[in-house]
Amino acid sequence: MTTATSVPAPAEYQSALTGAALFDTSGAAKLLLTGPDAPMFLGNLSTNDIKALPLGGGVEAYFCDARAKVKFQAWIYHVRLSDARHAMWIETTPGRNTELVQYLDRYLISEQVEIADRTADFAQFHLAGPKAAAVLGAALGEAVPELPEFAHMERTFGRDATCSLRRRDQLGVPGFDIVCRTDVADGVKRMLLAAGATPAGADTFETLRIEAGAPIFGKDIDENRFVMEVGYALRAVSYAKGCYLGQEPIVMARDRAGHVNRAFLGLKVLEGGPLPAGAKVFRDGQEVGLVTSSCQSPRLGVPVALAYLKWKHQEPGTRMEAETPAGRQPVEVLGLPPVK
């Protein structure tokens, strides 16, 4: 779990809300799966429908164990390589590329699938803000078409910097992931900045992420977390696909209880500063939740937090208290996302 974030630079933060902020997200772990059985193989292991993913499409998904506890948070894209072969590109949490290769290889038996770690070969940027598409178009010299979230396409910056452009609104504003070879990354970055993007750093990214209510593995998710408790999990789980690892507990949670025991929601801190990760949340003396991330929200003027709250304690507007080293701080349930 993480501690509260630092305050973002005002110019960077404002650029994401009114213009286009450029973040370097090259640390994201990146795998490439080739071979005719790759879609089926991933479909049997992940929560979303990979087998039916069209070329140019993408999805958010989770890899779980048999209990539906999260092992990896992932974004999976159906791509075509330069030699015309189809492949599946997987992005996961920074630093977890080797672990994901090992996890996938463990289940690889007779399928025709090759797994390659491409993390070091490709740089990645995230361009976020209401003017992101315009800035991207100016850098490319051509308009960027409307794309649904996770859809992607290839475009070339300058003479030879071919990149994958992926629509992904992970910070609560329109956004694009731009993935390119490391040897052309500096040139791509220069063209985006020249087209009007504002360079922005990790503190601004983290503040926007928390305000958007976007959970991330290692901070808001760990290997003991039931996938259906995680924020935005429903869009990453397909109930129409065939069998996959962890499916039975997911279906049981839907059919038997109609809800899960905990839900990932936002909190507004009514007094005091951002909450430390791991802070327990109480209501009427009863422990009802756990804080995972927190920051000062420039838009609300007060701190906000992300937390898992127990069933029957999730109604927006509900007052509670978070236990911190400085004493208990009053909080209020905001829902998800906490800042709109």
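To be clear, the structure that these remarks concern was listed above.
Only a predicted model underlies this, so the values are computations on that prediction, with no experimental measurement involved.

**Some thoughts on the layout of surface pockets**
When its volume is computed, the largest pocket comes out at roughly 730 Å³. Considering the residues around the largest pocket, the lining is formed by 36 residues, among which Arg168, Gln170, Phe205, Arg209 and Ile216 are closest to the centre. Within the residue set of the lining of the largest pocket, elements represented by two or more residues are strand 1 (21-24), strand 4 (70-80), strand 5 (86-92), strand 7 (122-128) and helix 6 (202-212). Ranked by residues supplied to the lining of the largest pocket, first place goes to helix 6 with six residues. Across the lining of the largest pocket, the residue classes break down as 14 nonpolar, ten polar and twelve charged. Reported here for the second largest pocket is a volume of approximately 540 Å³. For the second largest pocket, the lining is made up of 21 residues, of which Arg80, Leu81, Ser82, Glu154 and Ser164 are closest to its centre. The set of elements that each furnish at least two residues to the lining of the second largest pocket consists of strand 4, strand 8 (152-157), strand 9 (161-167) and strand 10 (175-181). In terms of residues, the lining of the second largest pocket owes the most to one element, strand 9, which gives four residues. For the lining of the second largest pocket, the class distribution of residues is ten nonpolar, six polar and five charged.

Definitions and cut-offs
- Residues numbered from 1 in each chain as written.
- Predicted model: local features only at pLDDT ≥ 70, side-chain atom pairs only at ≥ 80, totals over all residues.
- Heavy atoms only, no water.
- 1 Å grid on protein atoms, 1.4 Å probe; cavity = no way out; pocket = protein on both sides within 12 Å on 5 of 7 lines; lining within 4 Å.
- Points joined across faces, edges and corners; volume = space filled by probe spheres on them.
- Helix = DSSP H or I, 4+ residues; strand = E, 2+ residues; numbered from the N terminus.
- Nonpolar A, V, L, I, M, F, W, Y, C, P; charged D, E, K, R; others polar.

Spatial relationships are all this shows, so hold off on functional conclusions.
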